[in-house]
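Structural description and commentary
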Amino acid sequence: MLNENVMAAVLEFRRKRDWEQFHTPKELAAAITVEASELLEVFQWKSHDEVTSLLNRPSRVRVEDEIADVVILLSYLCHDLGLDVNDAVRSKLKKNEVKYPVEKSYGNAKKYDE
Ligand SMILES: [Mg+2]
């Protein structure tokens, strides 16, 4: 997910603070959810036009910051689990290809079992 240099910086940030002890898989999963909610909070109660406007102004840094928080925590979790995120995504895409064949899903946002 992150390139080698950024990943090294992310891990160093954590190591310097001795935060590995707090980063159990369960706590990281919880923190990912909290940060994803903070991302959603940036858009909460805004109309489509207000969201578009927000994303076209310097205030979009709020969105960038929350995306970064989610990615940092996901990176810790993948690292700690020894998980190659590219392999995991390729594997999940294969499953999604079966669930959502193009001929059934093209232009259709319904869930596979609807
Ligand atoms: Mg945050």
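Please refer to the structure placed before this passage.
For every chain, the first residue of the written sequence is number 1, and numbering continues from 1 onward in sequence order. With pLDDT at 70 or above as the cut-off, local features in this predicted model cover only qualifying residues; side-chain atom pairs require 80 or more to be listed or tallied, and sums for whole chains, interfaces and linings still use all residues. As a rule here, side-chain values cover all heavy atoms of the structure and leave hydrogens and water aside.

Judged by side-chain polarity, Phe13, Trp19 and Phe22 come together as a nonpolar surface patch covering roughly 310 Å² of accessible area. Relative to the helices and strands, Phe22 resides in the loop between α1 (4-16) and α2 (25-43). Only residues whose relative accessible area exceeds 30% and that form no salt bridge are eligible for patches; like-charged ones are grouped when within 9 Å, while nonpolar side chains (Val, Leu, Ile, Met, Phe, Trp, Tyr) are grouped when within 5 Å. For every accessible area listed, the method is Shrake-Rupley and the probe measures 1.4 Å; residues are considered covered only by the protein chains on display. The working definition used for a salt bridge is a side-chain nitrogen of Lys or Arg within 4 Å of a carboxyl oxygen of Asp or Glu. Runs of E in the DSSP output that reach at least two residues are strands. Runs of H or I that reach at least four are helices, and both are numbered from the N terminus.

With that out of the way, let us pick up the nonpolar core. Across soluble globular proteins, you tend to see nonpolar side chains buried next to one another. Definition used in this section: a nonpolar core is a set of buried Ala, Val, Leu, Ile, Met, Phe, Trp, Tyr and Cys residues joined via side-chain atoms within 4.5 Å. Burial classification: accessible surface area is computed with a 1.4 Å probe over protein chains only, and a residue below 20% of its type maximum counts as buried, one above 50% as exposed, and the rest as partly exposed. Counting 7 residues, the largest nonpolar core is built from Val10, Leu28, Ile32, Val70, Leu73, Tyr76 and Leu77. Counting residues per element, the ones that place at least two in this core are α2 and α4 (61-80). When checking whether two residues touch, look at their non-hydrogen atoms; a contact exists if any pair is within 4.5 Å. Contact partners of Val70, with chain neighbours within four places excluded, come to Ile32, Glu35 and Ala36.

On to the coordination of the magnesium ion, then. Each metal's donors comprise the N, O and S atoms found within 2.8 Å of it (within 3.2 Å for Na, K or Ca). Water is not part of the atom list, so some coordination spheres may appear incomplete. Within the first shell, the magnesium ion binds the protein through Glu35 (OE), Glu38 (OE), Glu66 (OE) and Asp69 (OD), at distances of 2.1 to 2.2 Å. Mapped onto the polypeptide sequence, the residues donating to the magnesium ion form the spacing pattern E-x2-E-x27-E-x2-D. Placement of Glu38 in helix α2 and of Asp69 in helix α4 is noted, with a sequence separation of 31 residues between them. Glu38 sits in the partly exposed class, given a relative accessible area of 27%.

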